[in-house]
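# Inside the fold
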Amino acid sequence: MESQQHAPPVDPRPRFPAWVHRDGSEPDPRFSLANERTFLAWIRTCLALLASGVALEALALPLEPRLRLTASVLLLVLALLVPPLAWVHWGRTERAMRRGDPLPASTLTAALAVGLLVVAALVLVGLLVGS
Amino acid sequence: MSRSGRRNGGLAQPPSDPGKLRGMILDAGLQPERTELAWRRTVLALTLGGIVSLRILPPVIGAWGVAAGVGGTIAGVTLAVLAARRAAGVASSLRASRPLPPAGALLAGVALVAFLGAVVAAFAVAAIVAGR
């Protein structure tokens, strides 16, 4: 409430979420748009992860069943993590640009890389062992 | 106020003739256009996910699958409309050198739809495995 009344004149409208827009000044719109596209790319990554997780089991691919289910569950866990983390990362990036701070490191890339490495190993071993 | 100078750095200045405003290129890097296309492929994927799940889910989780598929499709179409309105708002903000329209709520909605999609996918996989 109070922070909205004392908002800087450059941004009179109260904007959601407040923790992003509370302080700093409006960044270059090109950078905000790039930040938005990065978020959308993460959402499409999430959709690819969940489609892969469902496809492994729905199509009953000829993999060793336990390894296949483990890979599927791992893909779905990653798909569940990505949207909330991507939104928080969008907000932290926007806030850093408003304040002129360095951009935050992505918490998602390392988890995604490790997770997909494990999934690839599970699928490979599962294929070699076979159903 | 160096920041206000930085705010529109690199953006095309509005032409003196108002008739040229509508078709003018707002940014040499085509940032608004690229963002609009990113929105389109994202909402296209979300909407297609809703439609495809109408085919896949009902045999697996029954009426819940129909509800999830219809809900996902409606959410995808709704987001497509909101994204198109946002693209128009972004273009008019850039033309007028105003701050961009707020994105936080719309992005939160997209994240929520994707998250719920992942939840439904997890239930579907659980049902598929349990049904074997």
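That block above? That's the structure.
In this report, we go over the structure that sits alongside the text.

Cut-offs applied
- Throughout this description, residue numbers start from 1 for each chain and increase along the sequence as written.
- As a convention, the first chain written is A and the first ligand written is 1, with the rest following in written order.
- Only residues with pLDDT of at least 70 are given local features in this predicted model, and only at 80 or more are side-chain atom pairs given and counted; all residues enter the totals for whole chains, interfaces and linings.
- Side-chain calculation: all heavy atoms of the structure are included, whereas hydrogens and water are not.
- By definition, any uninterrupted DSSP run of H or I lasting at least four residues is a helix, any uninterrupted run of E lasting at least two residues is a strand, and each is numbered from the N terminus.
- For each residue, the accessible area found with a 1.4 Å probe, counting protein chains only, is set against the maximum for its type, and the residue is called buried under 20%, exposed over 50%, and partly exposed in between.
- By the convention used here, residues are in contact when the closest approach between their heavy atoms is within 4.5 Å.
- Using a 1.4 Å probe, the Shrake-Rupley method yields the accessible areas, and only the shown protein chains count as cover for residues.
- Buried and open spaces are told apart on a 1 Å grid over the protein atoms alone, a cavity being a set of points where a 1.4 Å probe fits but cannot get out and a pocket being an open set with protein on both sides within 12 Å along at least five of seven lines. Residues with an atom within 4 Å of a point are the lining residues.
- Grid points are joined across faces, edges and corners, and a volume is the space filled by probe spheres set on the points.
- Amino acids outside the nonpolar list (Ala, Val, Leu, Ile, Met, Phe, Trp, Tyr, Cys, Pro) and the charged list (Asp, Glu, Lys, Arg) are all regarded as polar, and Gly is one of them.
- When two parts are brought into contact, each loses some accessible area as probed by a 1.4 Å sphere; the total of that loss over both is the buried area.
- Only one rule defines a salt bridge in this text: a Lys or Arg side-chain nitrogen within 4 Å of an Asp or Glu carboxyl oxygen.
- Any two of the Phe, Tyr and Trp rings considered here, Trp counted by its six-membered ring, make a pair once their centres fall within 6.5 Å; the pair's planes then place it as stacked at under 30 degrees, edge-to-face at over 60, or tilted in between.

### Here's the deal with the overall build of chain A
A count of helices and strands for chain A gives five helices and zero strands. Counting across all 131 residues of chain A, residues that qualify as buried make up 43%. Taking as baseline every contact in chain A between residues at least 6 positions apart, the subset at least 24 positions apart corresponds to 69%. Of the roughly 6,600 Å² of accessible surface on chain A, 70% is carried by carbon and sulfur atoms.

### With respect to the layout of surface pockets
If you add up the space inside the largest pocket, you get close to 650 Å³. As for the largest pocket, its lining consists of 27 residues, and the residues nearest its centre are Leu50(A), Gly49(B), Gly50(B), Ser53(B) and Gly117(B). Taken together, the elements giving at least two residues each to the lining of the largest pocket come down to helix H3 (29-58) of chain A together with helix H2 (31-56), helix H4 (63-95) and helix H5 (104-130) of chain B. If you tally residues by element for the lining of the largest pocket, the top one is H2(B), at eight residues. Residues belonging to the lining of the largest pocket are distributed by class as follows: 21 nonpolar, six polar and no charged.

### What about the interface of chain B and chain A?
On the side of chain A, 42 residues touch chain B, which itself brings 43 residues to the contact. Both sides of the chain B and chain A interface together cover about 3,600 Å² of buried area, and 70% of this is carbon and sulfur. Where chain B packs against chain A, one counts two salt bridges. One salt bridge connects Arg132(B) with Glu57(A), and the closest N-O pair in it is separated by 2.9 Å. Sorting the residues of the side of chain B that touches chain A by element identifies helix H1 (2-7), H2, H4 and H5 of chain B as the ones contributing at least two each. At 16 residues, H5(B) tops the list of elements feeding residues into the side of chain B that touches chain A. Partitioned by chemical class, the residues of the side of chain B that touches chain A number 27 nonpolar, eight polar and eight charged.

### Concerning empty space enclosed by the protein
Within the structure shown, the criterion is met by four cavities of 30 Å³ or more. Estimated volume of the largest cavity: approximately 110 Å³. Arg15(A), His21(A), Glu26(A), Ser32(A), Glu36(A), Trp90(A), Glu94(A), Arg98(A), Arg86(B), Leu100(B), Pro101(B) and Ala103(B) are the residues that line the largest cavity. For the lining of the largest cavity, the secondary structure elements donating two or more residues are H3 and helix H4 (65-99) of chain A. The greatest single-element share of the lining of the largest cavity, amounting to three residues, is contributed by H4(A).

### Quick look at the packing of aromatic side chains
To describe a pair of aromatic rings, you give the distance between the ring centres and the angle between the ring planes. Residues and elements named next belong to chain A. The final tally for this structure, using the stated rule, is three aromatic pairs over all chains. Judged by centre distance (6.2 Å) and plane angle (80 degrees), the rings of tryptophan 19 and tryptophan 87 are edge-to-face. Separated by 68 residues along the polypeptide, tryptophan 19 in helix H2 (residues 18-21) and tryptophan 87 in helix H4 bring together distant segments of the chain.

### A short note on the environment of Ser106(A)
Residue and element names in this part refer to chain A. Within the secondary structure, serine 106 sits in the loop between H4 and helix H5 (108-129). The partly exposed category is assigned to serine 106, whose relative accessible area is 27%. Taking C-alpha positions, serine 106 is 6.9 Å from histidine 89, a pair spaced 17 residues apart along the chain.

### Some remarks on the environment of Val110(B)
Within the fold, Val110(B) resides in helix H5. Spatially, the C-alpha atom of Val110(B) lies 16 Å from that of Ala68(B), the residues being 42 residues apart in sequence. Residues within four places of Val110(B) in sequence aside, it is in contact with Phe39(A), Ile43(A), Trp39(B), Leu46(B) and Leu79(B).

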